[in-house]
Amino acid sequence: MKLTTFPNAPEPDAQQLITQERAETTFSLNEMHEFLEDGSEKAIHTLRLMQQIERDPILQVKPEYYELTKAEHRKLTADKIARLAQFMEQDAPNFETFQDRLNLIALIDPQLGTRVGVHLGLFLSAIRGNGTEEQFNYWAFERGAIYIRDIYGCFSMTEIAHGSNVAALQTTAEYDLENDEFIITTPHIGATKWWIGGAAHSATHTVVFARLIVKGKDYGVKTFVVPLRDANHDLYPGVAIGDIGEKMGRDGIDNGWIQFSGVRIPREYLLSKFTKVSREGEVEEPPLEQLAYGALLGGRVTMVTDSFRTGERFITIALRYAVGRRQFTVKGQTVENQLINYPLHQKRLLPYLAWVYGMSVASAQIQKDYKAILQGLDDGVKSGDFSILSRAIDDLKGLFADSASLKSTCTWLTADLIDEARQSCGGHGYSAYAGFGKGYADHVVQCTWEGDNNILAQNSGRITIQRVMAFLKNGKAVGNYSFLEKAQQEGFVVEDEKGLRDLDSLNAALQSVIFRLAKHGIATQEANGTNWDLSATEKRSLSKLYAAEYILDKWIAKIKNDGHSEEVKAQLTTLATLFAYSNIEKFGIYFLQHDILSKAVYGALERESYSILAKTRESVIGFTDSFKLSDFFLNSVLGNYNGDVYHNYLEVVQATNDVRQTKPPYAKEFLAMLQRSSIEDREKGQRNAAVLAKLNSD
């Protein structure tokens, strides 16, 4: 309620500022949203799913979400899983719809998305990827796992002493020829399965990664279905499970540890699409060992999408707050300036906005590639045609490189985005109700699971160096490395300031720096033998640069080929240019060291950068509105659509904290401390002059 207006104390006008800038948007939000969702059909599909989620009474996420205990999160998540099981039955047989639904749920309730994702995306995907068609049909359809009915699965790969080095896992599966069974054993503490989502309370079955031992020979790590709990949800003999306890985030996930002590399973529980063991103990291994790992890439692909979704949420909150928040006056003005008008604030946030748009491009493309490659693998296995399998393996290798680079780069980038967005909102960003704290804690695990980012980046960078080595040897560049043919040009790639305003020139600069940095890595290898660790920094940089080139190259193609209006094309070109600038600036040393840009052109880049930032600033509300995230999906007191930051904030605080409760539950103890008597009284006057006089023997 406004009681009095003081001439020198104007009421905040955040709502007015955001409404005004929204009205000044010059491009179609629907068309921009279609770009982000990869087409009008997918955009409508996404909005329909979002509406269903937001309206569902059980899937609700409100500010109280930020105050729940671990036990409350887990109970609530279990209730929501039951609801999602109903949606799964409804979505069948179009299971892609359910996956899209799950991706959107992960945006606002990551722990729920993960808890169901472990069952469907890891447990069942492992069975589909490594099991025969008959095995998948049995566990998924006959037993009902795909409908989240009867079976609830987890994924037992990681051990307490091994994570990224899957080939070194120590759990064993020894074939008992006499009884036609495998014996699953945890031989020592280091082989204890750890971080297993769903194990502590939920899972009835698991896919175990264990060393196949037949007739004393170790055939390496294979996958097995192992029942954990019976129909009464009691553990089977030989299975020991516990909760791993408090985590940094995602409290709704019941991560656990598992130890197996001589657990027997039928021979048919070995997932045998590729590796087979006969009744007589004869082992048939796949001609191409990499086939067994195709199913593992799904999680990495999904995390590119997760990074896009999470990024759009938190950049929206930060930019809306930056438009509505005033702080300090600048020369020539009588009212305080909007945060977004400060060049430093633009420099902090707007490159992340460009990255979010770029990640939407990467997400759409790698999802398409993954689906096509899985289909190719299935076709090759069914046909038994080695040439088809060989082509599928080549595609799989390409996907491995792309997913390693994009997963590590995008999850790192989004972690930085959330924290920078939080800091950009000042003290209010530290409030749980702003969403950043839980959002960060929930997201950063993605930098570690499904492949530690530093390991993935090393692998990706190494592949790039190897591709360049092969190109230099035979002159052939294939797949997403076809750019090597034109990247080998000599001299400066961007020769003047005009080139800084041309997306194709900027993309060529990224391609050339990858080529030249990889050649430097080759020289390092030749000088130091086979010690790839000496190129660690270069490999990580190559991975990030490859991700940037992948995104920009496909972004440019979408601008040119997707039939957008001239206004939307212009806006997308501005963002893509800002994206390119941010990567050139981040890796400036390589662009200068390898003569991609001259010092003069690199100096001009700073001026061009501030110009493009100012141009982007004009449309920040339109850019963020194009994500079409409702207040439900943002769940932040700082980012609501209406822009009325301070009223929104106060209302949530009052609703979640009883204003009638003015005394704390520890009031008695606190008052006792405040109302304690003086030291002299508590010492019974034993130090006063009269007492000391009595004690004075002089």
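Scroll up to find the structure.
Residues numbered from 1 in each chain as written. Predicted model: local features only at pLDDT ≥ 70, side-chain atom pairs only at ≥ 80, totals over all residues. Heavy atoms only, no water.

What to know about the overall build of the chain
Test applied: The helix count covers DSSP runs of H or I at least four residues long, the strand count covers runs of E at least two residues long, and both are numbered beginning at the N terminus. For this measure, only C-alpha atoms enter the radius of gyration; the expected value for a globule follows 2.2 Å times N^0.38, where N is the number of residues. Think of it in three bands: residues with accessible area under 20% of the maximum for their type are buried, residues over 50% are exposed, and the middle band is partly exposed, with areas taken using a 1.4 Å probe on protein chains only. We call two residues contacting when some pair of their heavy atoms lies within 4.5 Å. Calculation of accessible area relied on Shrake-Rupley with a 1.4 Å probe; when residues are assessed, cover is drawn exclusively from the protein chains displayed. Counted charges follow a simple rule, with Lys and Arg positive, Asp and Glu negative, and His plus the chain ends left uncounted. Lysine's charge is taken at NZ, arginine's at CZ, aspartate's at CG and glutamate's at CD.
From N to C terminus, the chain includes 24 helices and 11 strands. Taking 26 Å as the expected radius of gyration for a compact globule of 698 residues, we find that the chain reaches 29 Å, a close match to that expectation. Viewed in the frame of its principal axes, the chain has a C-alpha envelope of about 95 × 80 × 70 Å. The burial tally for the chain puts 54% of its 698 residues in the buried class. Long-range contacts, defined as pairs at least 24 residues apart, comprise 75% of the intrachain contacts of the chain with a sequence gap of at least 6. Here the chain displays about 31,600 Å² of accessible surface, and carbon together with sulfur accounts for 52% of that area. Separation of charge centres in the chain, based on 76 positive and 89 negative side chains, amounts to 3 Å.

So, the state of the cysteines
To be explicit about the condition: Cysteine sulfurs are considered disulfide-paired once they come within 2.5 Å of each other.
Taken as a whole, this structure holds 0 disulfides when the rule is applied. Free of any disulfide, C410 has its nearest neighbouring cysteine sulfur in C447, separated by 11 Å. Accessibility expressed as a relative area gives 0% for C410, which makes it buried.

What to know about unusual backbone geometry
If you check the backbone angles, R250 has positive phi at about 50° while not being a glycine. In this fold, R250 is placed in the loop between β7 (239-243) and β8 (256-260). According to the relative accessible area criterion, R250 is buried, its value standing at 7%. You will see that K628, though not glycine, has its phi angle at about 60°, which is positive.

Looking at the nonpolar core
The condition is simple: The set of buried Ala, Val, Leu, Ile, Met, Phe, Trp, Tyr and Cys residues whose side-chain atoms join them within 4.5 Å is what this entry labels a nonpolar core.
Counting 189 residues, the largest nonpolar core has Y357, W555, F591 and L638 as its most contacted members. Broken down by element, this core gets its largest block of residues, 16 residues, from helix α9 (residues 343-383). Once residues lying within four places of it in the same chain are set aside, the contact partners of Y357 are M32, F35, L36, W555, L572, L575, F623, S626 and F627. In this structure, W412, A415, V444 and C447 belong to the second largest nonpolar core, which totals 5 residues.

What to know about the packing of aromatic side chains
The condition that has to hold: For this analysis, a ring pair means two rings from Phe, Tyr or Trp (six-membered ring only for Trp) whose centres lie within 6.5 Å, classed as stacked if their planes differ by under 30 degrees, edge-to-face if by over 60, and tilted for the remaining angles. Criterion for a charge above a ring: Arg CZ or Lys NZ at most 6 Å from the ring centre, at most 35 degrees from the ring normal.
Going through the model one piece at a time under the given rule, you end up with 24 aromatic pairs. With a centroid separation of 4.8 Å and 75° between ring planes, the pair formed by Y138 and W139 is classed as edge-to-face. Note on Y138: relative accessible area 30%, which makes it partly exposed. Plain terms: the ring middles of Y481 and Y546 are 5.0 Å apart, the flat faces sit at 20° to each other, and that makes the pair stacked. With Y481 in the loop between α12 (453-474) and α13 (484-487) and Y546 in helix α15 (residues 536-561), this residue pair connects regions lying 65 residues apart in the sequence. Across this residue pair, the class does not change: Y481 and Y546 are buried. Among the aromatic residues, those joined into a ring-pair cluster are F27, Y357, F623 and F627. Taking the ring centre of Y550 as reference, the NZ or CZ of K554 above it sits at 4.2 Å. Across from the ring centre of F35, 4.6 Å away, lies the NZ or CZ of K558, which sits over that ring.

Concerning the pairing of strand β5 (residues 205-214)
To keep it simple, the criterion reads: Here, a strand pair is defined by DSSP locating no fewer than two bridges between the strands.
For β5, a buried count of 10 out of 10 residues is recorded, marking the element as mostly surrounded by other parts of the structure. Summarising the sheet, β5 and strand β6 (residues 217-227) pair through 9 bridges and their orientation is antiparallel. Counterpart to H205 in the pairing with β6 is P227.

Some remarks on α12
We count it as follows: Expected span of a helix: the number of residues minus one, times 1.5 Å. Nitrogen and oxygen atoms within 3.5 Å of one another constitute a polar contact, given that in protein one can donate a hydrogen and the other can accept it, and given that sequence-neighbouring residues count only through two side-chain atoms.
For α12, with 22 residues, the first-to-last C-alpha span of 31 Å sits near the 32 Å given by 1.5 Å per residue. Within α12, the full set of buried residues consists of N453, L456, A457, Q458, S460, G461, I463, T464, I465, V468 and F471. For α12, the secondary structure elements touched by its buried residues are α8 (297-324), α10 (386-424), α13, α14 (503-528) and α15. One side-chain oxygen at the N-terminal end of α12 lies 3.0 Å from the backbone nitrogen of N454; it belongs to D452. Backbone geometry just after α12 places G475 at a positive phi near 75°.

Here we look at α8
For an α-helix, 3.6 residues make a turn, and residues three or four places apart therefore share a direction. Helix length check: α8 (28 residues) gives 41 Å between terminal C-alpha atoms against 40 Å at 1.5 Å per residue, within 8%. With 27 of its 28 residues buried, α8 lies for the most part within the structure.

Remarks on the sheet that holds strand β4 (residues 193-196)
What counts is decided by this rule: For helices, the fitted axis covers only the stretch in contact; all axes are lines through C-alpha atoms, and the angles between them, taken along N-to-C directions, range from 0 to 180 degrees.
Pairing within the open sheet is antiparallel, and its 3 strands lie in the order β4-β8-β7. The sheet is open, and its two borders are formed by β4 and β7, each paired with just one other strand. When the angles between neighbouring strand axes are averaged without regard to direction, this sheet yields 20°. Relative to β8, β4 is paired through 2 bridges, and the arrangement is antiparallel. Looking across to β8, one finds that K193 is bridged to I258.

Topic: the packing of helix α5 (residues 95-108) against helix α6 (residues 110-130)
Test applied: Asp, Glu, Lys and Arg are counted as charged, while Ala, Val, Leu, Ile, Met, Phe, Trp, Tyr, Cys and Pro are counted as nonpolar; the rest, among them Gly, fall into the polar class.
Look at α5 against α6: their axes get within 6 Å of each other, and the N-to-C directions meet at 145°. Contact residues: α5 offers F98, L102, I105, A106 and I108, while α6 offers P110, L112, G113, V116, G117 and L120. Tallied by class, the residues present in the contact of α5 with α6 amount to 9 nonpolar, 2 polar and no charged.

Details of the pattern of salt bridges
Quick note on the threshold: Salt bridge, as used here: a side-chain nitrogen of Lys or Arg that lies within 4 Å of a carboxyl oxygen of Asp or Glu.
The tally for this structure, following the rule as stated, stands at 38 salt bridges. Residues E420 and R348 are paired through a salt bridge, measuring 2.6 Å at the closest nitrogen-oxygen approach. Note that E420 is positioned in helix α10 and R348 in helix α9, a separation of 72 residues in sequence. Owing to a relative accessible area of 23%, R348 belongs among the partly exposed residues under this scheme. One continuous salt-bridge network, built from bridges that share partners, spans D38, K42, K368 and K558.

Observations regarding the side chain of S598
Structurally, S598 is set in the loop between α17 (588-593) and α18 (599-617). Residue S598 is classed as buried on the basis of its relative accessible area of 17%. Only 3.1 Å separates the side chain of S598 from the backbone nitrogen of V601, close enough to count as a polar contact. In contact with S598, other than residues within four places in its own chain, are F492 and L592.

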